[in-house]
Amino acid sequence: MPVMAAPGAAATASQLLCWRSLGVVPLLRCAQRTFASQTSGELKVTQILKEKFPQATNIKVTDISGGCGSMYEIHIESEEFEDKRILQQHQMVNKALKDEIKEMHGLRIFTSVPKH
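The protein has the name BolA-like protein 3 in an unreviewed UniProt entry, where Vombatus ursinus is given as its organism. Checking UniProt for the protein, the heading Function (unreviewed entry) contains the comment "Acts as a mitochondrial iron-sulfur (Fe-S) cluster assembly factor that facilitates (Fe-S) cluster insertion into a subset of mitochondrial proteins. Probably acts together with NFU1." The record held by UniProt for the protein lists under Subcellular location (unreviewed entry) the comment "Mitochondrion".

Written out as structure tokens, the structure reads:
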């Protein structure tokens with residue numbers, strides 16, 4: 001049996017793999033989630049982006065931290081990105097989410113302009 005991490009301590013990737021292979025399900029900080037509904041964090045970030053990018057034709061926010069809200073992937077398609085470099089587009093998203101980003105561990109941003 002693998003050595004278990006102390007309560008509240010983070011497990012290493014190798015410990016998690018070893019536990020899974022033995023059929024042990026460790027208690028993780030992040031709850032499992034279904035992808036049928038959005039988390040409260042996803043809803044909050046989506047709402048902010050809708051307000052900041054009213055011309056957006058598509059906004060998709062996914063919590064990729066397993067439901068913890070520490071890391072998100074954002075796909076946003078908006079006319080507001082037209083004639084802007086990718087760096088400028090990402091800066092616009094970062095500015096829109098500046099307060100929320102302070103609480104995040106990471107953020108993946110994918111931006112595009114709608115095809116006519």
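There's more to say after this.
Let us now look at the environment of L49. Summarising the element assignment, L49 is placed in helix α2 (residues 40–52). In sequence terms L49 and I74 are 25 residues apart; their C-alpha atoms lie 9.7 Å from each other. Leave out the neighbours within four places in its chain, and L49 touches I59, V61, I74, I76, V93, A96 and L97.

Counted according to the given criterion, the structure contains 2 salt bridges. A salt bridge links R108 to E73; its shortest N-O distance comes to 3.1 Å. With a gap of 35 residues between them, R108 in strand β3 (residues 106–112) and E73 in strand β2 (residues 71–78) connect regions that are remote in the sequence. When its relative accessible area of 17% is taken as the criterion, E73 is described as buried. With a closest N to O distance of 3.7 Å, K102 and D99 form a salt bridge.

Thresholds, definitions, all that
- Residues numbered from 1 in each chain as written.
- Predicted model: local features only at pLDDT ≥ 70, side-chain atom pairs only at ≥ 80, totals over all residues.
- Heavy atoms only, no water.
- UniProt positions renumbered as here; feature names shortened; annotations may be inferred.
- Helix = DSSP H or I, 4+ residues; strand = E, 2+ residues; numbered from the N terminus.
- Contact = heavy atoms within 4.5 Å.
- Salt bridge = Lys/Arg side-chain N within 4 Å of Asp/Glu carboxyl O.
- Buried < 20%, exposed > 50% of the residue type's maximum accessible area, 1.4 Å probe, protein only.

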